[in-house]
Amino acid sequence: MINFKEIVGQKIAETAELPLEEIINYIEIPPNADMGDYAFPCFKLAKVLRKAPQIIASELKEKMELDDKIEKIDIVGGYLNFYINKKLLTKNVLEEIEKNNEMYGSNNSGSGKKVIVEYSSPNIAKPFHIGHLRNTVIGASLYNIYKFLGYNVIGINHLGDYGTQFGKMVEGYKRWSNEYSFTTDAIQDCMDMYIRINNLCKEDEKVLDACRENFKKIEDGDPYCLEVWNKLKSLSLKEFEKIYNLLGIKFDSLNGEAFYSDKMDEVVEILEKSGALQNSQGAKIVNLEDKGLGICMIKKSNDSTTYATRDLAAILYRSRTYDFDKCLYVVASEQNLHFKQVFEVARFLGIPEKCLNGLEHLSYGMVRLSTGKMSTREGTVIKVEELFKEAFERVQKIIEEKNANLENKDEEIKKIALGAIVFNNISTAIVKDQVFDWNIALNFNGETGPYIQYIYVRTKSVLEKAGYIPNIEDVNFDLLQDKESQKVISILYNFEDTLMTIVEKNEPSILARYLIELSQAYSNFYNENKIIDKNKEIQDARLFLSKAVGIVLKTGCNLLGIQMPNKM
Ligand code: ARG
């Protein structure tokens with residue numbers, strides 16, 4: 001791909017006799033295409049060159065020569081606006097898409113670097129709720145995008161399969177297991193049991209003590225406690241697998257909290273030796289008050305470990321096993337303090353600086369239905385299965401109205417329903433709360449997954465209508481110089497850059513936004529230009545652009561974890 005930004009940068013750098021690295025970061029994309037393709041704010045150089053921005057602009061322009069890549073340079077205010085050669089751009093973009101097909105936009109920038117993406121991480125014996133769904137699709141999309149850019153990516157599902165809550169489950173099981181079947185809706189049974197025991201714990205401190213004791217027994221390998229725990233775990237995994245399979249999501253490792261049960265002693269030892277560990281009323285803690293982060297509990301007074309200790313053991317293990325460059329935790333913002341504490345304490349583990357710096361909590365906002373917050377304890381969660389079921393039914397209804405004879409109807413409905421849900425979960429910036437509203441998520445004309453799928457299907461159907469796919473050799477790039485075509489071309493050109501920005505910011509919503517913009521630009525192009533045309537040359541050019549858009553929409557959606565229907 002021709003790197004026009006760099007070419008512009010080089011021109012400025014050579015003329016101003018300054019290093020390229022200094023220049024390139026200042027180059028901007030003007031807010032609208034009439035103002036050129038790239039803009040350079042000359043006031044950035046006012047200090048070094050000791051001249052007014054206006055003067056710098058006119059002197060630079062004077063000295064710079066136009067060539068086959070840069071067609072025109074304008075001065076607006078203190079800005080230099082660059083107009084690149086659109087025919088060259090068009091040719092370059094379409095040839096690259098033709099050559100690379102579904103790999104267009106990929107590169108090897110991440111080669112040699114290891115990234116752990118930890119995502120999903122539901123708690124066993126509890127329903128998979130819509131918060132975990134958001135987490136899962138955000139994590140999976142990051143996983144895909146990092147891979148596409150050449151990183152060595154390890155996807156970890158850090159299952160919540162340990163902790164006092166399992167002491168509670170065991171207590172509930174001990175008391176009432178004969179009242180539940182644990183067959184058709186096993187997780188619901190677990191959940192009912194859990195709510196029941198929780199209520200009992202609230203009433204009776206002794207029951208809570210018994211639960212704590214049970215967890216200690218799990219840690220010590222008590223056969224009964226372990227048996228119950230294993231049963232709950234395999235029941236849960238079976239349920240989670242159904243959801244992962246539906247979404248097409250895989251993990252490289254399912255090492256959850258329990259995996260670290262025999263790896264925590266070492267953490268305590270290291271912390272002890274480092275001098276960070278303090279005794280406090282029989283418990284072992286790291287005091288982080290001076291950092292404003294309170295106290296991080298490492299071992300409770302009854303000698304059992306904590307959630308934080310397991311995360312520290314995981315960091316130690318992962319740094320040794322993977323020697324990672326980044327370890328990204330896609331976890332709800334409710335755990336902000338937890339991760340701040342854990343990352344702070346991790347400094348005492350003696351792991352490489354590189355790994356320490358690579359730890360990052362990608363804190364995502366809550367998911368709400370208009371009915372409000374959800375809590376596992378109160379039993380007001382929205383289960384993902386229910387959400388899927390409703391989505392299928394709603395899409396089915398829409399399809400029955402719009403296109404009742406759709407081929408492979410069930411398959412296509414599934415793709416659309418899941419597309420709507422996945423897109424809705426990714427399209428909001430990670431930190432923001434996300435409200436799930438059916439009418440918004442399923443609007444075929446809104447900023448939704450189904451809208452992108454619909455535009456994709458249109459690129460396909462226009463090629464089908466023509467009955468052939470033109471060869472790139474037959475495309476006259478001069479015929480794609482109108483405003484609408486050029487808008488599409490420039491968005492296509494930015495695909496790789498967009499992906500690079502996403503890994504820099506760990507923000508997949510940027511790709512969601514990109515795909516909406518590409519869809520809207522194609523829709524404008526389609527409305528303004530007759531694609532099936534008497535003039536074969538015009539038709540070839542427009543068909544080819546349609547094909548290119550289809551390829552990029554599909555790649556982009558697949559990276560988000562959305563499958564494309566063939567028809568809608
Ligand atoms: N299981 C936890 C939950 O559902 C999330 C785990 C997050 N990951 C971690 N390394 N602590 O809330």
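As a starting point, this report considers the structure included with it. Everything numeric here is computed off the predicted structure, so don't read it as measured data.

As a further point, take the overall build of the protein. Looking only at helices and strands, the protein has 22 helices and twelve strands in total. Counting only contacts in the protein whose residues sit at least 6 apart along the sequence, the fraction spanning at least 24 positions is 74%. Looking at the protein as shown, the accessible area adds up to about 25700 Å², and 46% of this sits on carbon and sulfur atoms. Put simply, the protein has 72 plus and 83 minus side-chain charges, and the middle of one group is 1 Å from the middle of the other.

A few words now on the site of the ligand. Lining the immediate surroundings of the ligand are E118, S121, N123, H132, H158, Y307, D311, Y329, V331, Q335 and F339. Between the ligand and D311, the relevant distance is 2.7 Å, taken from a nitrogen atom to a side-chain nitrogen or oxygen of the residue. Calculation on the ligand without its partners gives an accessible area of 350 Å², and the protein chains cover 89% of this total. Looking at the shell around the ligand, the elements with two or more residues in it are α12 (307-322) and β9 (326-332).

Before going further, it helps to spend a moment on the packing of aromatic side chains. Across all of its chains, the model carries 24 aromatic pairs by this definition. Here Y119 and F251 contribute two aromatic rings whose centre-to-centre distance is 4.8 Å and whose plane-to-plane angle is 40 degrees, an arrangement assigned as tilted. Note that Y119 is positioned in the loop between β4 (114-118) and α6 (130-148) and F251 in the loop between α10 (223-247) and α11 (264-274), a separation of 132 residues in sequence. Residues Y119 and F251 agree in their burial class; the two are buried. Seen from their ring centres, Y522 and Y526 are 6.1 Å apart, and the 45 degrees between their planes marks the pair as tilted. With Y522 and Y526 both in helix α21 (residues 509-528) and four residues apart, the pair spans about one turn of that helix. Given the relative accessible area of 29%, Y526 is considered partly exposed. Among the aromatic residues, ring-to-ring pairing joins Y119, F128, Y143, F240, Y244 and F251 into one connected group.

It is worth spelling out the environment of N135 at this point. Relative to the elements of secondary structure, N135 occurs in helix α6. On the accessibility criterion, N135 (4% relative accessible area) is buried. Along the primary structure N135 and T164 are separated by 29 residues, whereas in three dimensions their C-alpha atoms are 23 Å apart. In this structure, N135 is in contact with Y119, S120, V330, V331 and Y364, ignoring residues within four places of it in sequence. A polar atom in the side chain of N135 sits 2.7 Å from the backbone nitrogen of S120.

Evaluation of the coordinates by the stated rule reveals 33 salt bridges. For the salt bridge of K51 with E59, the shortest nitrogen-to-oxygen distance reads 2.9 Å. Owing to a relative accessible area of 32%, E59 belongs among the partly exposed residues under this scheme. Between R175 and E171 there is a salt bridge; the shortest N-O distance is 3.0 Å. Note that R175 and E171 are positioned in helix α7 (residues 164-176) at a spacing of four residues, about one turn of the helix.

On the basis of which strands lie adjacent, the open sheet formed by four strands has the order β5-β4-β9-β10 and parallel pairing. Every other strand in the sheet has two partners, leaving β5 (152-156) and β10 (359-364) as the edge strands with one partner each. Sheet twist, expressed as the mean angle between neighbouring strand axes with direction ignored, is 20 degrees. Both β4 and β5 contribute to a ladder of five bridges, which runs parallel. Of the residues in β5, the one forming a bridge with V117 is G155. Packing against the sheet, helix α13 (residues 336-345) makes contact with β9 and β10, and its axis sits at approximately 180 degrees to β10.

Rules of the game
- Residues numbered from 1 in each chain as written.
- Predicted model: local features only at pLDDT ≥ 70, side-chain atom pairs only at ≥ 80, totals over all residues.
- Heavy atoms only, no water.
- Helix = DSSP H or I, 4+ residues; strand = E, 2+ residues; numbered from the N terminus.
- Contact = heavy atoms within 4.5 Å.
- Areas by Shrake-Rupley, 256 points an atom, 1.4 Å probe, with all protein chains shown as cover.
- Lys, Arg positive; Asp, Glu negative; His and termini not counted.
- Charge placed at Lys NZ, Arg CZ, Asp CG, Glu CD.
- Near = heavy atom within 4 Å.
- Polar contact = N/O pair within 3.5 Å; in protein donor to acceptor, adjacent residues only side chain to side chain.
- Phe/Tyr/Trp six-rings, centres within 6.5 Å; stacked < 30°, edge-to-face > 60°.
- Buried < 20%, exposed > 50% of the residue type's maximum accessible area, 1.4 Å probe, protein only.
- Salt bridge = Lys/Arg side-chain N within 4 Å of Asp/Glu carboxyl O.
- Pairing = 2+ DSSP bridges.
- Axes fitted to C-alpha atoms, helices over the stretch in contact; angles between N-to-C directions.

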